[in-house]
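Coordinate inspection notes
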Amino acid sequence: MHLTLEFGGGLELLLENSTKVHKVEITTSKDGQGKVTTPKEGQDKVTMKSLLSWVKDNLIKERPEMFVKGDSVRPGVLVLVNDCDWELCGGLDAELEEKDVVVFISTLHGG
């Protein structure tokens, strides 16, 4: 599954090279773990919960606690799926589809 992930409001600073936009290909495995892995044939759907775990393990290079808290994003991180608040899409259980755009924006930043 091809997804576009965008990071803003300072979250991009947690990623390698502070890159704001990432085009990724991910899927879930059928191993019952619900973890997002490299593509394999016959996978389960990718949920926001598994995507967050994948982002933490594969994209976040420093201070992951500034992005995630437990299984979810930390308070103050706005998450949009195709320009819609992720809570309206199902939150952690929201199922992602091919070519979805997921945006993470920190609303807590200095000034």
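Per chain, the residues get numbers from 1 upward, laid out in the order the sequence is written. Per-residue local features are limited, in this predicted model, to residues with pLDDT of at least 70; the limit for side-chain atom pairs, both in listing and counting, is 80 or more; totals at the level of whole chains, interfaces and linings are taken over all residues. Excluded from the side-chain calculation are hydrogens and water; included are all heavy atoms of the structure.

**What to know about the overall build of the chain**
- The helix and strand tally for the chain stands at two helices and nine strands.
- Listing the helices and strands of the chain from first to last along the sequence gives β-β-β-β-α-β-β-β-β-α-β.
- Between buried and exposed lies partly exposed: a residue is buried under 20% and exposed over 50% of the maximum accessible area for its type, with that area taken using a 1.4 Å probe on protein chains only. When each of the 111 residues of the chain is scored for burial, the buried share is 39%.
- Within the chain, counting contacts between residues at least 6 apart in sequence, those at least 24 apart form 52% of the total.
- A 1.4 Å probe and the Shrake-Rupley method give the accessible areas. Residues count as covered only by the protein chains that appear here. By element, 48% of the accessible surface of the chain is carried by carbon and sulfur atoms, the whole surface being about 6600 Å². Working definition: helices are DSSP H or I runs of at least four residues, strands are E runs of at least two. Numbering for both runs from the N terminus. Two residues form a contact once any of their heavy atoms are found within 4.5 Å.

**Some words on the nonpolar core**
- In plain words, nonpolar cores are sets of buried Ala, Val, Leu, Ile, Met, Phe, Trp, Tyr and Cys residues tied together by side-chain atoms within 4.5 Å. One finds Leu 5, Met 48, Leu 51, Phe 67 and Phe 104 to be the most contacted residues of the largest nonpolar core, which totals 28 residues.
- Counting residues per element, the ones that place at least two in this core are β1 (2-8), α1 (48-58), β7 (77-81) and β9 (101-106).
- Looking at this core element by element, the count peaks at five residues for α1.
- Setting aside anything within four residues of it in sequence, one finds Phe 67 in contact with Phe 7, Leu 11, Leu 14, Leu 52, Val 55, Ile 60, Ser 72, Val 73, Arg 74, Val 77 and Phe 104.

**So, the pattern of salt bridges**
- Any Lys or Arg side-chain nitrogen found within 4 Å of a carboxyl oxygen on Asp or Glu counts as a salt bridge. Tallied over the entire structure, the rule returns three salt bridges.
- The partner of Asp 71 in a salt bridge is Lys 49, with the nearest N and O atoms 3.4 Å apart. Placement of the pair is Asp 71 in the loop between β5 (68-69) and β6 (72-73) and Lys 49 in helix α1, with a sequence separation of 22 residues.
- The exposure class of Asp 71 is partly exposed, given its relative accessible area of 48%.
- Here Arg 63 ties to Glu 62 by a salt bridge, and the two come within 3.8 Å at their closest N and O atoms.

**Side note on the confidence of the model for the chain**
- Each residue carries a pLDDT score, the predictor's own confidence in it, on a scale running from 0 to 100. Confidence in the prediction of the chain, expressed as mean pLDDT, is 86, and 81% of residues score 70 or more.
- Between the elements of the chain, mean pLDDT differs from a low of 50, seen in strand β4 (residues 36-37), to a high of 97, seen in strand β8 (residues 84-85).
- Segment residues 37-43 is flagged for pLDDT under 50; beyond a separation of four residues in sequence, or across chains, it makes twelve contacts in the model.

**Section: the side chain of His 22**
- Locating His 22 in the fold gives a position in strand β2 (residues 21-25).
- Judged by relative accessible area, His 22 falls into the buried class, the value being 15%.
- By the criterion applied in these results, polar contacts are pairs of N or O atoms within 3.5 Å in which, for protein atoms, one can donate a hydrogen and the other can accept it, and in which residues neighboring in sequence qualify only through two side-chain atoms. Among the polar contacts made by the side chain of His 22, one reaches the main-chain carbonyl oxygen of Thr 19 at a distance of 3.0 Å.
- Excluding residues that lie within four positions of it along the chain, His 22 makes contacts with Leu 3, Thr 4, Leu 5, Phe 7, Leu 15 and Leu 59.

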